[in-house]
Each structure stands twice: as C-alpha cells, then as structure tokens.
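Each chain, letter by letter, is given below.
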Amino acid sequence: MKGYILKRLLSLIPVLLVVAVVVFLLMHITPGDPAAVILGPEASPEEVAELREELGLNKPPIEQFISWFGNVLQGDFGTSIFMKQPVSQAFFEHLGPTLSLAIMAQVLAIVVAIPLGVLAAKFRGSILDQTFMGISLLGISVPSFLLGLFLILLIGVELKWLPVAGYKPIDAGLVNHIKYLILPAIALGSMQAALIARMTRSSMLDVLNANYIKTARSKGVKETIIVIKHTLRNAFIPILTIIGQTFGTLVAGAAVVETVFNIPGIGQLIINSVERRDFAVIQGSVMLIAVSYVLINLVIDLLYGVIDPRVRLGRK
Amino acid sequence: MQNVMTEEQLNVLKSDMKKKHRNLLVKRFLSNKLALSGSIIMIVIILLAIIAPFFTSFTPYELDAMKRLKAPGGEHFFGTDNYGRDLFSRVVHGARVSLMIGFAVAIITSILGMIIGLYSAYFKKLDGVLMRISDGLMAFPAILLAIAIMASLGPRLENVIIALTIVFTPSVARTVRSAVLVVKEQTYVEALRAQGASSSRIIWLNIAPNVLSPLIVQATFIFADSIIIEAALSFLGAGIPAPDPSWGNLLYDGKTVIFNAWWMTLFPGIAIMLTVFGLNLFGDGLRDLLDPHNNKAKK
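Nothing here was measured: the structure is a model prediction, and the numbers come from that model.

Thresholds applied
- Residues numbered from 1 in each chain as written.
- Chains lettered and ligands numbered in written order.
- Predicted model: local features only at pLDDT ≥ 70, side-chain atom pairs only at ≥ 80, totals over all residues.
- Heavy atoms only, no water.
- Domains from an automatic or database assignment.
- Contact = heavy atoms within 4.5 Å.
- Buried area = accessible area lost by both parts, 1.4 Å probe.
- Salt bridge = Lys/Arg side-chain N within 4 Å of Asp/Glu carboxyl O.
- Polar contact = N/O pair within 3.5 Å; in protein donor to acceptor, adjacent residues only side chain to side chain.
- Helix = DSSP H or I, 4+ residues; strand = E, 2+ residues; numbered from the N terminus.
- Nonpolar A, V, L, I, M, F, W, Y, C, P; charged D, E, K, R; others polar.
- UniProt positions renumbered as here; feature names shortened; annotations may be inferred.

## A short note on the domain arrangement of chain A
All names here are of chain A.
No. 1: Looking at the assigned domains, one finds that chain A contains domain 1 (2-73) and domain 2 (90-314).
No. 2: One C-alpha centre belongs to domain 1, the other to domain 2, and the line joining them spans 32 Å.
No. 3: Residue-level contacts link 17 residues of domain 1 with 16 residues of domain 2.
No. 4: At the boundary of domain 1 with domain 2, total buried surface from both sides reaches about 1600 Å², with 78% on carbon and sulfur atoms.
No. 5: The largest share of the area that domain 1 buries against domain 2 comes from Y4, R8 and V23, three residues that together contribute 32% of it.
No. 6: Joining domain 1 to domain 2, the criterion identifies zero salt bridges.
No. 7: Where domain 1 meets domain 2, there are one residue pair in polar contact (both at pLDDT 80 or more).
No. 8: Contributions of two or more residues to the side of domain 1 that touches domain 2 are made by α1 (2-28), α2 (34-39) and α4 (61-73).
No. 9: In terms of residue count, the dominant contributor to the side of domain 1 that touches domain 2 is α1 (twelve residues).
No. 10: Residue composition of the side of domain 1 that touches domain 2, grouped by class: 15 nonpolar, one polar and one charged.

## Things to note about the UniProt feature "transmembrane region" (unreviewed entry) in chain A
All names here are of chain A.
No. 1: The residues that UniProt annotates with the feature "transmembrane region" (unreviewed entry) are residues 9-29, 99-120, 132-157, 177-197, 235-261 and 281-307.
No. 2: As a span, residues 132-157 carries 92% helix and 0% strand, and end to end its C-alpha atoms are 28 Å apart.
No. 3: For residues 281-307, the end-to-end C-alpha separation is 39 Å, with 100% helix and 0% strand making up the annotated structure.

## Re the interface of chain A and chain B
No. 1: Facing 46 residues of chain A, the contacting portion of chain B comprises 44 residues.
No. 2: For the chain A and chain B pair, buried surface summed over both sides reaches about 3800 Å², with 81% attributable to carbon and sulfur atoms.
No. 3: At the junction of chain A with chain B, the criterion picks out one salt bridge.
No. 4: A salt bridge links R198(A) to D284(B); the nearest nitrogen and oxygen atoms lie 2.9 Å apart.
No. 5: Linking chain A to chain B there are six residue pairs in polar contact (both at pLDDT 80 or more).
No. 6: Counting only elements with at least two residues in the side of chain A that touches chain B, the list comes to α1, α6 (127-141), α7 (144-159), α8 (174-208), α11 (236-261), α12 (266-276) and α13 (279-307) of chain A.
No. 7: When residues in the side of chain A that touches chain B are grouped by element, the largest group, eight residues, is from α1(A).

Below you can see the structure in the form of structure tokens.
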C-alpha cells in the first residue's frame, strides 16, 4: 500500500507542473500589454510602466515563471489589485458558501440518485426504468444555471415558497442556511444526480449478471440482501469514480449557479475579477481549484485501494 | 479456373456488399429510436435557425421603446425584451450563434484531437509528454478554464471558439488515443509494418478510419457541451459581447427582469434545453449504433 501511495504521489508532479504553466500563461495570452489592460484605457503611460515593473513583466518569461511559481509553492498567489488583499485570503473568504453549496448538492444527488439507479437496474426494461432513464437524460441536458433560472421562475416567482437570492451563513442558524441553499443545491445537483443514477444503473447491471450473484441466488439469499450487499458493494467503484471526477465540475458549476442566486462565493469572486481584469485573483482561484481537484482524485484513487484490494495488489 | 472471378465481377460484388452494408446501417439507424428522435429534433432546430428569420419582419437588433417587455402574443410570438426587441427573432438568431460555435468547436477539436491522439498512441516518447499536458489541462473544470481563458482573451465570438477548443481537445485526444492503442495491436497492423509500410501511411490510411466511430460520438457530445458552456460564458458576461443575440446573452438580459418577464428566461432556456437534449439523444443512439460491444450488451 505504501508503494502504491508513493507512486500515485509522484505521478502528480508533472500534472501539477502543467497546471502551473497553464495558469501562468493565462495572463500572458492577453492581446496587448497586461499592465495596460489591467489599468484600463484611462491610465497614463507612467502608471502602466510602474505596474509593469511591479508585476515583473519586464523580466524574461522564464524568470517570471520561476519567481511566480516559487511564490505559489509558498502559498503566495499574489495580491488583488482591486481588493488590496492577498489572493489566497480573498479566496478562502469566499470559499465557505461555495463549499456549502457544492456539498449540499452532492449529498442531495447521492441520496436521490443511488436508490433510483439501483431500482432502475433491478427492474430493468420496466416503465420505471425507462422513466428514470428518460428523466436522467433530460437532467444531463439542462445546465445547472439554466435549471436555477427555471426554479426561480417556478418556485420563487410563481409559488413564492423559497428565497431566490442571497446567502445566510451557518451562524445565522442552520435552518436559515439550508433554506437559502435549497434551490441552488437542486439546480446544481440535478445534473450530478443524473450522472450518478446512470452510472449506478449500468454498473449494477454489469454485476447483476455475474456468476457469484447467480450462486447467491441459488443458495437462497434474500433478494434485498443480494441487491444491497452483494451487488451494490461490488458496483461501487465506478460510482465512486464518477462522484470523485465530477466534484471539480460541481465546484466549478457552483461558481456559475452562485451568480444566478447572488451567493457571495468563489464564482462571484472570479466573475467580478473577470470584469475588473484582476488577473492575480483569476489565476490564484483557478489554480487552487485545479489543485484541489487533482488532490480529491488522488484521495479517491487511494480509496479504491481500500475498497478493492485488487487495485493496490494486482497492477504491478 | 471457373472459380476465379474477373476483376469486373469482383468490383460488382464489392459495390453490392457496400450497398448492402449501407442499407443495413440506414435500417439500423431508423430502428434506433434514440438516434432517430435526436436527429429529428436537431433537423427541426437547424431548419428553424435557417428559415425562421424569413417569417418574421423584425430584426434581432431593432429597438422600440414603446414596446418594452410585451408579453408573448400578437405580432411578437415570444414577446419583446427590455429594450423592445423582438424576442422570437433574437432566439432564432441566437440559435445560429450557438449552433455555429458548437459545430466549429466539434470540428476543430476532432481534427486536433485526432492528430494528437493518433501520434501519441503510435510514438511512445511523444505519448508521455502529450498525455501529461492533457492531464494537466483536464485538471481544470471545463467551465472555469473557459472563463479564465476568456478573461485573458476578451469577449469575442472567435475567442469563445478558441477557449472551448483548448478546453475540449485533450479529452478528444484521449478518446482517440485509447482507441488507437487497441487497433495498433491487431495483426493487420503488424503485417503492414512487416511489409515495410511507413508509419504515417499506417497511421492515416489504416488506423485512422478505425477510430472514427468513437470520435464521431464524442464530437456530438462536445457539440452539446460547447453550447452549454457558451451559454454559461455569455450569461456570465464573458462570452459573446452584448448586443449580439446569443442564448446566454438573452438569459442574462432575462435575469435582470425575471420577476416581470418570464418569457425572456423561458424561451431561450427551452431553446438551449431542446438543442442539448437532441444532441445527447443523437450521441447516445450513435454510440449504440457504432459500438458493437455496446449493442451486444444491450441484448
């Protein structure tokens, strides 16, 4: 297991390096002078020259990258020009709402999707199965921000059941916190639920045909136990993979859904920075999200080893 | 001697078999409900995008302060927006923008992904470098990378296509690569190599045609994803610049008046949903049709 963990850790280095290079290049693909773009058309040439010096844009690119990457490794992502605070500070200040939203959407998706996927596989070909799968295909086709807008129209404007904008931190009471997050979480979680349900169904179907399931059935094991204990557990790896792989997408999706519901999270931070051309914030946030995505996938990979010994022992 | 066919007979037989094969494909296509309904939806949407502008006398840019926020009905099927522009004509022109972007991205990523995937699967040394780069690019959630690239390049239609191409090419390259890795090991490739065929000949003439099916299926899904991400980018103000009608822009305008004008959100929203749904259906059906393994599993 130790060797397996070490191998996986080493394989991260090139990926993270590429991530860093891409993020670094983001600022440099701007047509024209980044300093002039940041300051806008009203800036005087002296101000632009000053900012160029400050950002180190006069040095050769390789040197710029090395000094930038060195800072990043120490957790210094630069300073936001507009907010006058370190990027990492701004990022973590906005992280709470985004994480809250992403976790709630994920939980909602898992709780709804896995039972549905299991049922669809168990009663495959039935009307139940076809209905679920039809709905899930529809779910994949409605982007989360659009579903958010539809939910606002239906529940917020017509029925007036739930608040449609804003955010209450947990300190304001758990009920209030959840009340403001329900609609965004449904909007964000539905595509996730559709993906998980489809994956659960197909993975369950693969296992349900296995010989050991036939054996269990002929031994007279109860059908519910076969489905839940024998099948679901063995079908879990692909399900776990899709949950892990899509968590990054979920956080990114949260960023877009936040804009729909006016939630002050990472999404708003990034979008505001795009409008202000605050490159340091965009670079830092995108970098932090990509790195956490890579790390989450690492954890998932390691979890396989725990669930399924074949993974850590077999592939040598 | 009687058993040997003349060249002419052989050619007739060959074209016969081709025809049969084609008929079989058409038949299977028609019997595949997913692919069929998906393509019907797409054909209707494409036709609407092409011919509908001739049925309305309004242009998507025509302002009319007297007719702001008119509900659907009368001469404005979909109502008017907060500047008094005809929403129907804006949605239809938006379809052109979205379809154009989706199509362009699907084609460009297919070509680039094909080249990268073929060569990296065939040449081991290249593989390590190219796949690490694609791993790195795929570590970014698609929409965030697109937003970040758009922030640097600036909001323009061409830039949306560039950003989406950067975002989606790695996954196409991966698909092609894994298909090539399977094909590469087959005996006929080995035989060709033994006969002294050049690498580029084998890659383009013998391997490439065999990885087209997964490529086409993936291109369909990228078409759909591009439409979603373009809409999201424009909705966030980082996509197509403002007065141009794109579905994302319409939703952005609609959000500011969502409490007064449901139609400004509903109609562009349904347009996006239907198009993406049609493409997903089509892609799912196509995958069933083109992947024999999948077909067997279904029965």
